[in-house]
Amino acid sequence: MPIDLYMNIRSTPCRSVLMAIRQLNLEVNIIETDPRKQETSTPEFLKLNPQHTIPTLVDDGFPLGESRAIIQYLVSKYAPNSGLYPTHDLKKRAHVDRLLYYDMSIAYAIRDAIFIKVFRGEEPHENAVKNFKNNFNVLNDFIGNNKYVAGNELTIADISYLGTISSLAINDYKDLDEFPNVKNWFFRLQKELPYFNEVNGKVPELLKQLSAPKK
Ligand SMILES: N[C@@H](CCC(=O)N[C@@H](CS)C(=O)NCC(=O)O)C(=O)O
């Protein structure tokens, strides 16, 4: 039975989950869901996910929200020995978990420093700009000379960060210029992962449609 995924391709965390599904070659039934049309606020949807957010997964009757939890669940269930979410080495697994939590900070930093301007036409608060730089400097250091975010193997942390950072397409990735390790990692993985373009290729165009008119 395929898994159901309530999602919208404009949504950053939805794209991370879809990339994880492609990485695992899972059959998926995509249910297009648009929060702007209140489709995440219907009684039926709220029964699946009281947080009223996409992505929401339903696997064999089990509903789950939160992109990072969904990705952890899918890999743990369908590819536990893949190395994408280490099972044998507790320390490696904990490092992946830590990076997944940190990805939330990155997502909020992008929202507060970049999206606020692009989508609402408001100047970001100076603290939001500082926070963005701080968060990306830390990520830049985490990556260092590694091939992947958590070391020299692809993990679900890469997939989660790729989705999050793909939103910077809205500014043609100029915001990454100060963070060379992040930038190199991001563009290398785009080429390496065959599903990246299928999932994220239309992002610049879709996000530009949502942008606030230039003042
Ligand atoms: N931390 C959540 C964020 C989910 C989220 O905020 N999704 C947005 C779309 S990008 C949404 O569904 N918003 C509708 C709402 O909050 O009512 C995740 O990673 O899944």
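Residues numbered from 1 in each chain as written. Predicted model: local features only at pLDDT ≥ 70, side-chain atom pairs only at ≥ 80, totals over all residues. Heavy atoms only, no water.

1. Observations concerning the packing of aromatic side chains
Any pair of aromatic rings gets described here by the distance separating the centres and the angle formed by the planes. Scanning all chains against the criterion turns up 12 aromatic pairs. Taking 6.3 Å as the distance between ring centres and 70° as the angle between the ring planes, the aromatic pair formed by Phe132 and Phe179 counts as edge-to-face. With Phe132 in helix α5 (residues 126-143) and Phe179 in the loop between α6 (156-166) and α7 (180-192), this residue pair connects regions lying 47 residues apart in the sequence. Arranged with centres 5.3 Å apart and planes meeting at 85°, the rings of Phe186 and Phe187 form a pair that is edge-to-face. When its relative accessible area of 0% is taken as the criterion, Phe186 is described as buried. Overall, the relative accessible area of 29% leaves Phe187 in the partly exposed class. One aromatic cluster is present, built from ring pairs that chain together Tyr173, Trp185, Phe186, Phe187 and Phe196. Over the aromatic face of Tyr85 sits the side chain of Arg93, whose NZ or CZ is 3.8 Å from the ring centroid. (Phe/Tyr/Trp six-rings, centres within 6.5 Å; stacked < 30°, edge-to-face > 60°. Helix = DSSP H or I, 4+ residues; strand = E, 2+ residues; numbered from the N terminus. Buried < 20%, exposed > 50% of the residue type's maximum accessible area, 1.4 Å probe, protein only. Lys NZ or Arg CZ within 6 Å of the ring centre and 35° of its normal.)

2. Brief notes about the pattern of salt bridges
Overall, the coordinates contain 10 salt bridges when judged by the stated rule. Residues Arg22 and Glu198 are paired through a salt bridge, measuring 2.8 Å at the closest nitrogen-oxygen approach. Placement of Arg22 in helix α1 (residues 12-23) and of Glu198 in helix α8 (residues 196-200) is noted, with a sequence separation of 176 residues between them. Judged by its relative accessible area of 48%, Glu198 is partly exposed. The partner of Asp112 in a salt bridge is Arg111, and the shortest N-O contact between them spans 2.9 Å. The class of Arg111 is partly exposed, set by a relative accessible area of 41%. (Salt bridge = Lys/Arg side-chain N within 4 Å of Asp/Glu carboxyl O.)

3. Regarding the sheet that holds strand β3 (residues 56-59)
Ordered in space as β2-β1-β3-β4, the four strands form an open sheet in which the pairing is mixed. The outermost strands of the open sheet, each flanked by one partner alone, are β2 (28-32) and β4 (62-65). Averaged over all pairs of adjacent strands, the angle between strand axes in this sheet comes to 20°, irrespective of strand direction. The pairing of strand β1 (residues 3-7) with β3 spans three bridges and is classified as antiparallel. Bridge assignment links Tyr6 to a residue of β3, and that residue is Thr56. Running over the sheet, α1 touches β1 and β2 and is turned about 155° from β1. (Pairing = 2+ DSSP bridges. Axes fitted to C-alpha atoms, helices over the stretch in contact; angles between N-to-C directions. Contact = heavy atoms within 4.5 Å.)

4. A short note on the nonpolar core
Ranked by internal contacts, the top residues of the largest apolar core, which has 64 residues, are Ile114, Phe136, Tyr161, Ile165, Val182 and Trp185. In terms of residue count, helix α4 (residues 90-120) provides more of this core than any other element does, 11 residues in total. Both domains that furnish three or more residues to this core are identified here as domain 1 (3-78) and domain 2 (90-210). Excluding residues that lie within four positions of it along the chain, Ile114 makes contacts with Ala109, Phe132, Leu168, Ile170, Asn171 and Asp175. (Core = buried A, V, L, I, M, F, W, Y, C linked by side-chain atoms within 4.5 Å. Domains from an automatic or database assignment.)

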